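Here is what each chain is made of, one letter per residue.
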Amino acid sequence: MAEKIKILFLAANPRASTPLRLDEEIRQIHEKIRAAEFRDSFELQSRWAVRPLDLLQAFNEVRPHVVHFSGHGTRNAELVLEDDAGTPKPVSVTA
């Protein structure tokens, strides 16, 4: 059997940021995969309340083919993750 295409859904919605419907977004992704002809070819894994160090850990654990980030960003193309207290932590492209 061929290796499944691994999709990693990363979500971050720090407390001080505008609330997002992350649960609805992943529900829609699940729905589209379930309805696909080759649904058994995909494996969707998710990580929630992502902190900067969680990114590398998730990449190493899942070894995804596709990464979907759902959350906030800045005008400087930074992802806004959470720190250990749940407050916004911008992460640069370089990082």
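Residue numbers run consecutively from 1 along every chain, following the written order of its sequence. Reporting of local features is limited, given that this is a predicted model, to residues whose pLDDT is at least 70; pairs of side-chain atoms are given and counted only at 80 or more, and all residues count toward the totals for whole chains, interfaces and linings. Hydrogens and water are ignored here; the side-chain numbers use all heavy atoms of the structure.

K.L.:
Would you mind showing me how to read the pairing of strand β2 (residues 42-47) here?
P.N.:
Put simply, side chains in a regular strand alternate between the two faces of the sheet. Pairing of strand β1 (residues 5-11) with β2, which is carried by six bridges, proceeds in the parallel orientation. Opposite Leu10, over in β2, you have Arg47 as the bridge partner. Following the chain from β1 across helix α1 (residues 22-35) to the adjacent parallel β2, one finds a crossover that is right-handed. Strand pairing is assigned whenever DSSP detects at least two bridges linking the two strands. Runs of H or I in DSSP of at least four residues are treated as helices and runs of E of at least two as strands, each being numbered from the N terminus. Here the term right-handed applies to a crossover when the path leading from its first strand over the helix to its second strand runs clockwise, the strands being oriented away from the viewer.

K.L.:
Explanation requested: the sheet that holds β1 in the structure shown.
P.N.:
Sheets are built from strands paired through backbone hydrogen bonds, the pairs being either parallel or antiparallel. Spatially, the three strands line up as an open sheet ordered β2-β1-β3, and their pairing is parallel. What marks the edges here is a single partner per strand, and that holds for β2 and β3 (66-70). Direction aside, neighbouring strands of the sheet carry axes that sit 20° apart on average. The sheet contact formed by β1 and β3 spans five bridges and is parallel. By the bridge assignment, Ala11 is partnered in β3 with Ser70. Sitting on the sheet, helix α2 (residues 52-62) is in contact with β1, β2 and β3, with an inclination near 160° to β1. Structural elements are reduced to axes, namely lines fitted to C-alpha atoms, with helices fitted over the stretch in contact, and the angle between N-to-C directions of any two is expressed from 0 to 180 degrees. Contacts are assigned to residue pairs that have any heavy atoms within 4.5 Å of one another.

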